[in-house]
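Here is what each chain is made of, one letter per residue.
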Amino acid sequence: MPSERAAPKIINMKALYFAWVRERIGKAEEEIAPPETIKTVGELMGWLHGQGDNYAAAFAHTKSMRAALDRCHVKHDALIGEAREIAFFPPMTGG
Amino acid sequence: MRVQKEVFDASAEAAALTQGRRDIGAVVTFAGLCRDEGGALSALEIEHYPGMAEAEINRVAQEAASRWPLEGIIAIHRYGPIKPGEPIVLVVTASTHRAEAFAAASFLMDYLKTEAPFWKKQHFADQTSGDWVEAKAQDLAAATKWRG
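Scope of this entry: the structure provided in the associated data block. (Residues numbered from 1 in each chain as written. Chains lettered and ligands numbered in written order. Predicted model: local features only at pLDDT ≥ 70, side-chain atom pairs only at ≥ 80, totals over all residues.)

## Concerning the sheet that holds strand β5 (residues 80–82) of chain B
All names here are of chain B.
Alright, step 1. If you trace the four strands from one edge of the open sheet to the other, you get β5-β3-β7-β8, paired in antiparallel fashion. Looking along the sheet, the strands with just one partner apiece sit at the ends: β5 and β8 (129–132). Here the average twist between neighbouring strands, direction ignored, is 25°.
Alright, step 2. Bridge analysis of strand β7 (residues 118–124) against β8 gives two bridges, and the strand direction is antiparallel. The partner of Lys121 across the bridge, within β8, is Trp132. (Pairing = 2+ DSSP bridges. Helix = DSSP H or I, 4+ residues; strand = E, 2+ residues; numbered from the N terminus. Axes fitted to C-alpha atoms, helices over the stretch in contact; angles between N-to-C directions.)

Written as C-alpha cells, this is what we have:
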C-alpha cells in the first residue's frame, strides 16, 4: 500500500516594513516562508537578519525595533502562531 | 477618528462636535503643527501603516472614553508630505467640566505619539533629504505616566 506522506507545512505570511527598516531592506512588503522552527517574533527577526546584507543592515540593532502581528503591537517574545501579517518598524514618531 | 492626506480645519471640526449641544461645558482642541526648525526644514514626510493606524487611533480613543466621562472625541492624523505651518494632528475632547477634557486630550496625544504607527522623515531647505525623526524618551515617559 502506498503510504501517504503529509506535505510539509508551508507557512506563508506577509511581512511589512516601514520607515528606515523599509529603506534598508529595499522593499515595503513581501511574502516570507520561514522554517517551522521559527516560533517567536524575535526568532523571525534573527532569521530575516540572515537573508542578505540589506536584511542584516535592517535587523542589526533590533532592541528598539517594534513589531506588530496582524496589526497589533507585540513584544519580541510573542508567538507568531497563526498570524498572517507581521510588520517591523522603528519606534513611532507621529503626533 | 480619521487618517487622511488632506489638510483639516481644526475650528470647523471642533464646532461640529458641539453643534446643537447644550450639555457640553468644556471643549479642548489641540492641533500639532509642522514647524520649520528655524528655517532649516522644508517639509515633513509622514509614513503610516494603513489599517493599523486607524485601528490604533480608535483603540486609544476608546481607552480615553473609558477613562473619562466625555461627550465627544475627535482624533485626526495626516500622512504624506506636510509643509511648515500645516497641521499634522488634531485632538478634540468635549466634556461637562474642563478637567476631564484637558486630561483626555493630553492622554490622547501622549498615546498617539507612542502607539499609533506613524513615522516622520525630515526634508531640509538645502534640498537634502534628512533623517527619520528619532523617538524621544520624554514622549515615551509621557505615555508611561498614564499607566498604573
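Once the structure has been displayed, the description carries forward.
## Things to note about the pairing of β7(B)
Residue and element names in this part refer to chain B.
Alright, step 1. Relative to β7, strand β3 (residues 41–48) is paired through seven bridges, and the arrangement is antiparallel. Across the sheet, residue His48 finds its bridge partner in β7, namely Phe118.
Alright, step 2. Linking β7 back to β8 in an antiparallel pair, the connection comprises four residues, with Gln127 at a positive phi of about 75°.

## Here's the deal with the interface of chain B and chain A
Alright, step 1. Across the contact, 21 residues belong to chain B and 14 residues belong to chain A.
Alright, step 2. Mapped onto the side of chain B that touches chain A, the elements with two or more residues apiece are α2 (52–67), α3 (98–115) and β7 of chain B.
Alright, step 3. The leading source of residues in the side of chain B that touches chain A is α3(B), at five residues.
Alright, step 4. Of the residues in the side of chain B that touches chain A, the class split is 13 nonpolar, four polar and four charged. (Contact = placed C-beta atoms within 7 Å. Nonpolar A, V, L, I, M, F, W, Y, C, P; charged D, E, K, R; others polar.)

This is a description of form; function is not addressed.
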